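Letter by letter, the chains look like this.
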Amino acid sequence: MTNCVSPMSRDHRGANNPKWRGGAHTAEDGYVYLWSPDHPLANKRGYVMRAIVVWEQANDKPFPEGMMPHHKNLIRDDDRPDNIEPKSRSGHAKEHVKTCLRDMSGQFKRRPA
Ligand SMILES: [Zn+2]
């Protein structure tokens, strides 16, 4: 998944899929989620972004509160530690505005290289 949608859309619709349970899943928003109900940053359904877990393991500390994992190469399922960077919500949105263009329908599009 390399398409770039607004980072502000935080409804992880994949989590509403009744067939979606257990293990690692790529949600419709392109991020990979792990079933981890005990994780402090797990959502209501008990899933946490794999990027958060990977970052925590690589850095040996909890993911900063209020931050979002940003994928530096904009590939949302590329959860390698070097590709993940904590960003504040506003900083994260700015990061995506820098790298994405909105098309006529208001969707973010990746700027051609
Ligand atoms: Zn991002």
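**Q** How should I be thinking about unusual backbone geometry in this particular structure?
**A** Although it is not a glycine, D60 adopts a positive phi angle of roughly 55°. The residue D60 is located in the loop between α1 (50-59) and β4 (67-71) in this model.

**Q** In this structure, what is going on with the pairing of strand β2 (residues 32-35)? I would like to understand it.
**A** Walk down a regular strand and you will see the side chains alternate between the two sheet faces. Here strand β1 (residues 24-26) pairs with β2 via three bridges, running antiparallel. The residue of β2 that forms the bridge with A24 is L34. Hairpin remark: β1 followed by β2, antiparallel, with five residues in the connecting loop; positive phi at G30, about 95°. Pairing of β2 with strand β3 (residues 47-49), which is carried by three bridges, proceeds in the antiparallel orientation. Each residue of the ladder has a partner; that of L34, found in β3, is V48.

**Q** Before we go on, may I ask you to explain the environment of N59 in this structure?
**A** Relative to the helices and strands, N59 is located in helix α1. In sequence terms N59 and P81 are 22 residues apart; their C-alpha atoms lie 8.6 Å from each other.

**Q** Would you take a moment to explain α1 for this structure?
**A** Since one α-helical turn is 3.6 residues long, residues separated by three or four positions face the same way. Every buried residue of α1 is listed here: R50, A51, I52, V53 and W55. Contacts made by the buried residues of α1 are with β1, β2, β3, β4 and β5 (84-88).

**Q** Help me understand the nonpolar core in this model?
**A** If you look at soluble globular proteins, the nonpolar side chains tend to sit buried side by side. Grouped together as the largest cluster of nonpolar side chains are 13 residues, with contacts concentrated most on Y33, V48, M49, A51 and I52. The set of elements that each furnish at least two residues to this core consists of β2, β3 and α1. Sequence-distant contacts of Y33, defined by excluding residues within four places in its chain, comprise H25, A27, Y47, V48, M49 and R50.

**Q** I tried to follow the sheet that holds β3 on my own but got confused; where do I start?
**A** Whenever strands of a sheet pair, they do so through backbone hydrogen bonds, lying parallel or antiparallel. Read from one edge to the other, the open sheet built from three strands follows the order β1-β2-β3, with strand pairing classed as antiparallel. Only two strands of the sheet have a single neighbouring strand rather than two, namely β1 and β3. For this sheet the average axis-to-axis angle between neighbouring strands, irrespective of direction, equals 35°. Against the sheet, α1 makes contact with β1, β2 and β3, and its axis sits at roughly 65° relative to β3, the strand it touches most.

Conventions used here
Residues numbered from 1 in each chain as written. Predicted model: local features only at pLDDT ≥ 70, side-chain atom pairs only at ≥ 80, totals over all residues. Helix = DSSP H or I, 4+ residues; strand = E, 2+ residues; numbered from the N terminus. Pairing = 2+ DSSP bridges. Buried ≥ 20, exposed ≤ 12 C-beta atoms within 10 Å, placed from the backbone. Contact = placed C-beta atoms within 7 Å. Core = buried A, V, L, I, M, F, W, Y, C linked by C-beta atoms within 7 Å. Axes fitted to C-alpha atoms, helices over the stretch in contact; angles between N-to-C directions.

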